[in-house]
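Remarks on the overall topology
The chain contents come next:
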Amino acid sequence: MAKGVSTQQGVTLESVLSGESSDEQLRALSFEQALKLLEEVVASVENGTLPLDRAIGSYEKGSVLVQHLRKLLAGAEEKLRVLNQVE
């Protein structure tokens, strides 16, 4: 299986699939890193080759990534609202 994207925090697809990546590590990722990793996690779960325990763990980590991405997007939207009010 491919190792996937490697991040500055050392988070890879393999570390997510094996459960080695902590939620804190995932929340420290940039938007781009988290989105790329989420895409890889989804693809690995969808291909159906993971054992059930790894698929469930991957789903849980994917949920953490989705929450993180939503938080980052909400922050960016708020900044845009503030900038638009200034003009």
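Quick summary incoming for the structure in this document.

What counts, and at which threshold
Residues numbered from 1 in each chain as written. Predicted model: local features only at pLDDT ≥ 70, side-chain atom pairs only at ≥ 80, totals over all residues. Heavy atoms only, no water. Helix = DSSP H or I, 4+ residues; strand = E, 2+ residues; numbered from the N terminus. Contact = heavy atoms within 4.5 Å. Areas by Shrake-Rupley, 256 points an atom, 1.4 Å probe, with all protein chains shown as cover. Salt bridge = Lys/Arg side-chain N within 4 Å of Asp/Glu carboxyl O. Buried < 20%, exposed > 50% of the residue type's maximum accessible area, 1.4 Å probe, protein only. Expected span 1.5 Å × (residues − 1). Arc of directions from axis to C-beta. Axes fitted to C-alpha atoms, helices over the stretch in contact; angles between N-to-C directions. Parallel < 35°, antiparallel > 145°, perpendicular 65-115°, else oblique. Left-handed = near helix turned anticlockwise from the far one by under 90°.

**Quick look at the overall build of the chain**
For the chain, the count of helices and strands is four helices and zero strands. Traced from its N-terminal end to its C-terminal end, the chain shows the element sequence α-α-α-α. Counting only contacts in the chain whose residues sit at least 6 apart along the sequence, the fraction spanning at least 24 positions is 62%. Accessible surface computed for the chain: about 5,700 Å², of which carbon and sulfur atoms make up 56%.

**Describing the pattern of salt bridges**
In total, this model carries four salt bridges according to the counting rule given. In this structure, lysine 61 engages aspartate 23 in a salt bridge whose closest nitrogen and oxygen atoms are separated by 2.9 Å. Residue lysine 61 is located in helix α4 (residues 52–86), and its partner aspartate 23 is located in helix α2 (residues 23–27); the two are separated by 38 residues in the primary sequence. The salt bridge involving arginine 81 is made with glutamate 78; its shortest N-O contact spans 3.2 Å. One end of the pair is arginine 81 and the other is glutamate 78, both in helix α4 and three residues apart, which spans about a single turn. Accessibility expressed as a relative area gives 45% for arginine 81, which makes it partly exposed. With relative accessibility at 40%, the residue glutamate 78 sits in the partly exposed group.

**Focus on helix α3 (residues 31–46)**
A rise of 1.5 Å per residue sets the reference length of α3, with its 16 residues, at 22 Å; its end C-alpha atoms lie 22 Å apart and thus fit the reference within 8%. Buried residues of α3: Gln33, Ala34, Leu37, Leu38, Glu40, Val41 and Ser44, and no others. Angular distribution of buried residues about the axis of α3 spans 165°; they occupy a single face of the element. Seen from the open side of α3, the exposed residues pointing more than 90 degrees away from its buried face are Glu32 and Glu46. Where the residues of α3 are buried, they touch α1 (13–17), α2 and α4. Taken from the residues just after α3, glycine 48 is the one with a positive phi, measuring 75°.

**Looking at the packing of α3 against α4**
Relative orientation of the contacting elements α3 and α4 amounts to 150°, with a least axis distance of 9 Å. In this view, α3 runs roughly antiparallel relative to α4, as classed from their interaxial angle. Crossing of α3 against α4: the hand is left-handed. Contacts between α3 and α4 pair Phe31, Ala34, Leu35, Leu37, Leu38, Val41 and Val45 from the former with Ala55, Ser58, Gly62, Leu65, Val66, His68, Leu69, Leu72 and Leu73 from the latter.

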